[in-house]
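So the chains spell out like this:
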Amino acid sequence: MASARPTGPLQGLRILDLTAVVLGPYATQTLGDLGADVIKVEPPGGDNLRAVGPMRNPGMGAMSLHLNRNKRSVVLDLKQPAGRDACLKLAEGCDALIYNTRPKAMARLGLDYAAVAARNPRIVYLGCLGYGEAGPYAGKPAYDDLIQGAAGLPMLYARQGGDAPRYAPVTLADRAVGLQAAIALLAAVLHAQRTGRGQAVEVPMFEALAQLVMGDHLGGESFAPAEGPMGYARLLAPHRRPYRTADGYLSVLIYNDKHWRAFFDAIGRPELKDAPLFRDHGARAARIGEVYAFVAEVMATRGSDEWCALLAQADVPVARLHTVESLLHDPHLQAVDFFAQMDHPSEGRIRTPAAVGRYGATPAGIHRHAPRLGEHSAEVLSEAGLDDAAVAALIAQGVTAQPRPFPETAA
């Protein structure tokens, strides 16, 4: 069961969340797991991700259940003046506002930084953008696939020996940049708490993911003039992939000199310790493709169980490969209660990945179930100072809404 109230280190921090889909919601899910009060503002039709299945009830898709836990849902039609005014009223009581629409769209809604800061000068106003506003790509549409491609990830796959460029089979750009956004928000909030001054912050997907990629692959271009080619050779080696064994696959990383000496002893080839190809880190790095090819050839000679026992005894890093199905039953994840199970008021028994990290005094956790669309509209608007009549008027105007009965439970 979700706990009744947050206990995490961010308890007391209030965030107005105007984001949708994955990037922004992942950032605010992370902050919510850490105890922040996240007020998720949704249009009358809800966040599009609500429609991504599987699901038991309309608007309660599986990904939405994970990304929107620890949040309160408020429906506001921001295209109506009364919706904009209500949003500004909510912003008055928040430490931060986070959005992932284009800045020009926010300006058209009357929710640009100047408008929000006029109501709350201490607020952190953070935009998760596709591209930085100072560059020629500003305002271009941006989605995870597009940003992965723009940052060079699919071509790295092809360069490593893949059959064609491919996207990572997770929303890598959204989630990696979402974490950057969470860090940026906390940094700016800390500054505001110290100085009393808020600020506008932008976290562009393209630049953030390019930093991640180029941190590994800038290579010789780190120097001016260049001191060699770009690309981290070890990561790009064609044999840097799970090794095929006689009966399956294993992940093995023989990395430092100690590992290599132990590996050669384990396979009965101690004479290779001083071979030119393997004698030290520099020699191996210079011909990393040959090194990995040698290991691939050796790994194919024995079964996975035999290798796991042999390498574990030699203290050489080895791990079995999971599928997403088998990961669900990993004994370590089960022991640390990684897949938390709880009873959702409308969705029944659900399973969701636990909050990451352990805090001795202020444990992170799941204290709110993922809300139905508009589940907290009246509650949050009342907290902002609107009386019952004002809330009722907004409902009558279609500016806000409360949850509707699901079809199977409707009268």
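The structure contained in this document is the topic of the report that follows. Sequence positions are assigned chain by chain, starting from 1 and proceeding in written order. Local features in a predicted model are, by the rule used here, given only for residues with pLDDT of at least 70; side-chain atom pairs are given and counted only at 80 or more, and totals for whole chains, interfaces and linings are based on all residues. As a rule here, side-chain values cover all heavy atoms of the structure and leave hydrogens and water aside.

Where burial is concerned, most of strand β2 (residues 37-42) is hidden: six out of the six residues are buried. When a residue's accessible area, from a 1.4 Å probe over protein chains only, is under 20% of the maximum for its type it is buried; when over 50% it is exposed; and in between it is partly exposed. The way it works is that DSSP assigns letters per residue, a run of H or I at least four long becomes a helix, a run of E at least two long becomes a strand, and they are numbered from the N terminus. Of the two faces of β2, the one holding Asp 37, Ile 39 and Val 41 and the one holding Val 38, Lys 40 and Glu 42 are both buried throughout. The criterion for strand pairing is that DSSP finds at least two bridges linking the strands in question. With four bridges joining them, strand β1 (residues 14-18) and β2 adopt parallel strand pairing. Across the sheet, residue Leu 16 finds its bridge partner in β2, namely Ile 39. A crossover connection joins β1 to the parallel β2 through helix α1 (residues 23-33); in handedness this β-α-β unit is right-handed. Sheet topology note: the β2/strand β3 (residues 71-75) ladder contains five bridges and is parallel. Among the inter-strand pairings, Val 38 is bridged to a residue of β3, identified as Lys 71. Here is how to tell: hold the view so the strands point away, follow the path from the first strand over the helix to the second, and if it runs clockwise the crossover is right-handed. With respect to chirality, the unit in which β2 leads through helix α2 (residues 62-67) into the neighbouring parallel β3 is right-handed.

Turning our eyes to something else, we now look at the pattern of salt bridges. A side-chain nitrogen of Lys or Arg and a carboxyl oxygen of Asp or Glu constitute a salt bridge if their distance falls within 4 Å. Overall, the coordinates contain 21 salt bridges when judged by the stated rule. The closest approach of N and O atoms between Glu 379 and Arg 72, which form a salt bridge, is 2.6 Å. Taken as a pair, Glu 379 in helix α17 (residues 377-383) and Arg 72 in strand β3 lie far apart in primary sequence, 307 residues in all. Taking the relative accessible area as the measure of exposure, Glu 379 reaches 36% and is therefore partly exposed. Arg 72 gets classed as buried once you look at its relative accessible area, which sits at 2%.

What follows covers the nonpolar core. Take the buried Ala, Val, Leu, Ile, Met, Phe, Trp, Tyr and Cys residues and link them wherever side-chain atoms come within 4.5 Å; each set so joined is a nonpolar core. Counting residues in hydrophobic clusters, the biggest one holds 35 residues, and the most contacted among them are Ile 15, Leu 31, Ala 36, Ile 98, Val 124, Leu 126 and Leu 185. Elements with a minimum of two residues in this core: α1, β4 (96-99), β5 (124-129), α7 (153-159), α8 (172-195), β6 (199-204) and α9 (205-217). Here this core takes eight residues from α8, the largest share from any one element. In what follows, residue pairs with any heavy atoms lying within 4.5 Å of each other are defined as contacts. Ignoring any residue separated from it by four or fewer positions in sequence, one finds Leu 126 in contact with Leu 97, Ile 98, Tyr 99, Ala 181, Ala 184, Leu 185, Val 201 and Val 203.

Any link to function would need more than the numbers given here.
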